[in-house]
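Understanding the architecture of this molecule
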Amino acid sequence: MQPAVDLVVFGASGDLARRKILPSLGRLAARDSQAIRVIGAGRSAKATEEFRLLVGEAGGGERLAATADWVHLDYAAPSSFAPLQELVAATPCVIFYLATPPETFSDILLALSASGLARSRDPMRRIVVEKPLGHDLASARALNAQLAEAFDEEQIFRIDHYLAKDTVQNVLALRFSNSLFEPVWNRTLVETILITVAEEEGIGQRAGYYDHTGAVRDIIQNHALQLLALITMEPPTTFDAEYVRRAKRAALRAMLPIDPTMAVRGQYEGYLDEEGVAPDSRRETYVAARLQIENWRWDGVPIFVRTGKALTRRVTEVMIKLRDAPMLRIGGRRQRGIPTLIVIRIQPDEGISLRIGAKRPGTKFELVPAGMRLDYARLTRAALPDAYENVLSEVLAGGHSAFPGAEEIELSWEIVDPLLRAWESEGHPEVYPRGSWGPHAADDLVATGGGGRWIVSGDEPGTS
Ligand code: BG6
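Scope of this entry: the structure provided in the associated data block. (Residues numbered from 1 in each chain as written. Predicted model: local features only at pLDDT ≥ 70, side-chain atom pairs only at ≥ 80, totals over all residues. Heavy atoms only, no water.)

Compared with an ideal rise of 1.5 Å per residue, which puts 19 residues at 27 Å, helix 9 (residues 214–232) spans 25 Å between its outermost C-alpha atoms and is within 8% of the ideal. Of all bends in helix 9, the biggest is about 45°, found at I220. Most of helix 9 sits out of view: 19 of its 19 residues are buried. (Helix = DSSP H or I, 4+ residues; strand = E, 2+ residues; numbered from the N terminus. Expected span 1.5 Å × (residues − 1). Bend = angle between axes of the 7 residues up to and from the residue. Buried < 20%, exposed > 50% of the residue type's maximum accessible area, 1.4 Å probe, protein only.)

In this section: the sheet that holds strand 9 (residues 286–291). Whenever strands of a sheet pair, they do so through backbone hydrogen bonds, lying parallel or antiparallel. Judged by pairing direction, the sheet is mixed, and its nine strands sit side by side in the order 16-15-14-11-7-10-9-8-17 without closing on themselves. Two strands bound the open sheet, and with one partner strand each, they are strand 16 (367–375) and strand 17 (430–432). The mean angle between the axes of side-by-side strands here comes to 20°, regardless of whether they run parallel or antiparallel. Of the pairings in the sheet, the one linking strand 15 (residues 351–359) to strand 16 comprises nine bridges and is antiparallel in character. Looking across to strand 16, one finds that G351 is bridged to D375. Running at roughly 150° to strand 14 (residues 341–347), helix 7 (residues 166–176) makes contact with strand 14, strand 15 and strand 16 of the sheet. (Pairing = 2+ DSSP bridges. Axes fitted to C-alpha atoms, helices over the stretch in contact; angles between N-to-C directions. Contact = heavy atoms within 4.5 Å.)

Moving on to the side chain of T316. Within the fold, T316 resides in strand 11 (residues 315–322). With a relative accessible area of 1%, T316 lands in the buried category. At a separation of 3.1 Å, a polar atom in the side chain of T316 contacts the side chain of Y162. Ignoring any residue separated from it by four or fewer positions in sequence, one finds T316 in contact with Y162, T196, V197, L227, I344, R345, I346 and Q347. (Polar contact = N/O pair within 3.5 Å; in protein donor to acceptor, adjacent residues only side chain to side chain.)

Here we come to the side chain of S80. Counting through the fold element by element, S80 comes out in the loop between strand 3 (69–72) and helix 4 (82–88). Within polar-contact distance, the side chain of S80 engages the backbone nitrogen of D74 at 2.9 Å. If we ignore the near neighbours within four places in the chain, the residues touching S80 are H72, L73 and D74.

So, on to empty space enclosed by the protein. Scanning the entire structure with this criterion turns up two cavities of 30 Å³ or more. K131, L133, I159, D160, Q221, N222, Q226, P404, E408, I409 and S412 together form the lining of the largest cavity. For the lining of the largest cavity, the residue count by class is four nonpolar, four polar and three charged. Roughly 30 Å³ of internal volume is contained in the second largest cavity. What lines the second largest cavity is K131, P132, L133, G134, R217, Q221, N222 and W413. (1 Å grid on protein atoms, 1.4 Å probe; cavity = no way out; pocket = protein on both sides within 12 Å on 5 of 7 lines; lining within 4 Å. Points joined across faces, edges and corners; volume = space filled by probe spheres on them. Nonpolar A, V, L, I, M, F, W, Y, C, P; charged D, E, K, R; others polar.)

Encoded structure:
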């Protein structure tokens, strides 16, 4: 029986496919009745049986494994795409998923066009591109231009799996479905915004990718800036993808390129001993930077972002600190200020908390920090879906809410490019101990830049 959807995965035997794509697809296929066939397409001559085994072992489930197929082709030879063309010819919807190293993208796109597999203006032919989407602004522009030659924008899905996290999408719900928050969401009442994307793990087996990439390209250019755009953008006209993208574009356009003197780079102790890392690598595994947004809403509000590998613990969080309320005296003494914090916990322990001041129970009038918390997992009986499950389900449905548009990608490169260029000619980054919060210079950056100090909830009483 011909499937309703063919998902052609380039790089199907790679790490990403095994860890994320195939298991998520397996869960989706088990949930929905849609008839999906996975076709692995690659340079190795695999037997179909071998690939079916791989799909099953990766958690793709029996149904997907039983119908999976493998096509052997040469990315640089469009004529070798003919068997693929034949295989999918009668399938209503064909999705090409580039989960290969970026240097192969160009050849694959050319071959898809030349072989007639890519059909622009046909919404039932889609292309999914994995990060990294470029290495800098120039290469990102070139990739976007090549994608646009083969496909229309509505057919293109650029993955930023952070956007597919429920808690990231919930930023829209928090901001624009409650009248409580939006009135304070501006430079009049917000003192600072701190974003932490911390990982406990080192780079593991990914030196081949990471040692050419580093923390700025891996996290800041995409995940962190997308998150910041959702946090700081103006209300979109509707929640539809096009309007949300428009609002994000405007926010990214108002962000100034990062000033290299307002950034700190670090490398974790032992990074140079990781398998595959160049012995004298100056690649950063940590970055902290100050960002500025020049528009009516945010002008003058210091914004800080930090990310790193091998840090104390895994936590992604946005901390919005409001200006202090006027402190009233009692018995002639000034009360200690308790800044209000709005904490958006992306992961783990997904949720939102408000840190407020409350009266300590008892006869005296004394203020203490206290917390109010939404535990996001309690909103559902089921486990929160993996971001890749959301990504794939959106691609299958043809929706774009979880994907950044071409221009957002380029605007984000414009923000980080000056920093990357400046760091190219710098010496070795500061080495920080594994399991720490990174270089001390990042604390000074925040303290002198008007951000107070880095905090993540749990470190402050009343926020967890
Ligand atoms: C990926 C990065 O995009 O995101 C990885 O390439 C990083 O280096 C990962 O570990 C983090 O994703 P998550 O969903 O675990 O926060």
